[in-house]
Amino acid sequence: MTVYNVSSEELEQMLETVLHLTKETGQIIANAIGSDANAEIDLKEHNKEDGNASAILTETDMKVEKHLINGLRSKYPDHQFIGEESSEANSSELTDAPTWIIDPIDGTMNFVHSNPLVCTSIGLTVNQKLVLGVVHCPLIDKVYTAIKGQGAFCNGKKIKTSGVTDLSKAMLIMELPVGANKEKKAVGMKNLEYMLDNAHAVRSPGPAAMDIAWVGAGSADGYFSQGIHSWDMAAGALIVKEAGGAVTSTSGGDFDLMARGLIVASSDELATKIHQFINIYQTPRDQPTPVIPF
């Protein structure tokens, strides 16, 4: 089995490359929003059961993903890619090789409605461990970053979670399952009803990667979802971990990057309390074998 070694200096150089590329793709997104390029061009039928937000695709999604993968591949030709939208990626199976996990526009539903809460999420794994993450929100001028062992940052300033431990003091984020099947909507409404009675506040901004990064920045205290994918979670999960937060599976165990769900929270105590009340809508895995990235 090949063990891949990437130094801290190499990771810092990779981060600079990603920041340069996301600055370019941020301009692509900014130019496209509110124009014909943000119109829905396809319905991803395989995601329709998960809800309306999971099923849409735009021209800009594909353009941004192609720009990112081509830019990274030109610098790192031996690296692998997992991407949400296009055939530019190598596969959806994560190996030990350095692998970029990319969501070009997280929050596509917001994008097609000209809502500025959209982001690009880029995570890097080496030996199936998360080592670098970037969540770029171009329309609100926020860039969340993390390198393993070096902390988490927003626009270059170090961030940390709020540290909230009490559910009654917590602002929680969840995705509302609009357009999903009856079972998923019922699960979502049961979770929402509990939070309305017990949390301090509940929000549903939309993009999973941004929601997760907000927990890392202390802009929210907890987030959970079952049904999202590795490209939604990879970058944000590392950001929360490096910001001192908790990252677990929806069952409360170790976070599995390919299990399509997670809990992130400002503290271990709050993560446990979220795990204890949430109901889970079961979804197929992204790949059969577990990937424990921390």
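Calculation rules
Residues numbered from 1 in each chain as written. Predicted model: local features only at pLDDT ≥ 70, side-chain atom pairs only at ≥ 80, totals over all residues. Heavy atoms only, no water. Core = buried A, V, L, I, M, F, W, Y, C linked by side-chain atoms within 4.5 Å. Buried < 20%, exposed > 50% of the residue type's maximum accessible area, 1.4 Å probe, protein only. Helix = DSSP H or I, 4+ residues; strand = E, 2+ residues; numbered from the N terminus. Contact = heavy atoms within 4.5 Å. Pairing = 2+ DSSP bridges. Axes fitted to C-alpha atoms, helices over the stretch in contact; angles between N-to-C directions. Lys, Arg positive; Asp, Glu negative; His and termini not counted. Salt bridge = Lys/Arg side-chain N within 4 Å of Asp/Glu carboxyl O. Parallel < 35°, antiparallel > 145°, perpendicular 65-115°, else oblique. Left-handed = near helix turned anticlockwise from the far one by under 90°. Nonpolar A, V, L, I, M, F, W, Y, C, P; charged D, E, K, R; others polar.

Draft legend 1. Representation of the nonpolar core in the model. By size, the foremost hydrophobic cluster in this structure holds 39 residues, and its most contacted members are Val-135, Tyr-144, Tyr-223, Leu-262 and Val-264. At the level of secondary structure, the elements contributing two or more residues to this core comprise strand S6 (129–137), strand S7 (142–147), strand S8 (152–154), helix H5 (208–217), helix H6 (230–242) and strand S14 (261–265). The element best represented in this core is H6, accounting for eight residues. If we ignore the near neighbours within four places in the chain, the residues touching Val-264 are Ile-212, Val-215, Asp-221, Gly-222, Tyr-223, Val-240, Ala-246 and Val-247. By size, the runner-up hydrophobic cluster in this structure holds 28 residues, among which are Leu-21, Leu-72, Trp-100 and Leu-132.

Draft legend 2. A look at the sheet that holds strand S9 (residues 157–159). The strand order S3-S4-S5-S6-S7-S8-S9 describes an open sheet built from seven strands, whose pairing is mixed. Two strands bound the open sheet, and with one partner strand each, they are strand S3 (80–83) and S9. Averaged over all adjacent pairs, the angle separating strand axes in this sheet is 20 degrees, with direction ignored. Note: S3 against strand S4 (residues 99–106), four bridges, orientation parallel. Its bridge partner lying in S4, Gly-83 is registered against Ile-102. Each of S4, strand S5 (119–126), S6 and S7 is contacted by helix H1 (residues 8–32), which is oriented at about 30 degrees to S6, the strand it contacts most.

Draft legend 3. Summary view of the side chain of Asp-211. Mapped onto the secondary structure, Asp-211 falls in helix H5. For the buried Asp-211, no salt bridge exists, and the shortest N-O distance to an oppositely charged side chain is 11 Å, to Arg-203. With residues up to four places along the chain from it excluded, the contact list for Asp-211 reads Ile-173, Pro-205, Gly-206 and Tyr-223.

Draft legend 4. Focus on the packing of H1 against helix H2 (residues 59–75). In the contact formed by H1 and H2, the axes pass within 10 Å of each other and the chain directions differ by 160 degrees. As summarised for this structure, H1 and H2 are arranged roughly antiparallel, according to the angle between their axes. Read as a crossing pair, H1 and H2 show a hand that is right-handed. Taking contact as the criterion, the partners of Thr-17, Val-18, Leu-21, Thr-22, Glu-24, Thr-25, Ile-28, Ile-29 and Ala-32 in H1 are, on H2, Thr-60, Lys-63, Val-64, His-67, Leu-68, Gly-71, Leu-72 and Lys-75. Of the residues in the contact of H1 with H2, the class split is eight nonpolar, six polar and three charged.

Draft legend 5. Looking closely at the pattern of salt bridges. Using the criterion set out here, one finds one salt bridge in the structure. Notably, a salt bridge pairs Asp-256 with Arg-285, separated by 2.8 Å at the nearest N-O pair. Pair noted here: Asp-256 is in the loop between strand S13 (246–248) and S14 and Arg-285 is in the segment after helix H7 (268–277), with a separation of 29 residues, a long-range link.

Draft legend 6. Molecular detail of the sheet that holds strand S11 (residues 201–203). Across the sheet, five strands lie side by side as S11-S10-S12-S14-S13; this open sheet has mixed pairing. Strands with a single pairing partner mark the edges of an open sheet, and in this sheet they are S11 and S13. Strand-to-strand, the axes of this sheet are offset by a mean angle of 15 degrees, without reference to chain direction. Pairing between strand S10 (residues 171–173) and strand S12 (residues 222–226): two bridges, direction parallel. Looking at S12, one finds that Ile-173 is bridged to Tyr-223. Along the sheet face, H6 touches S13 and S14 and points at about 30 degrees away from the line of S14.

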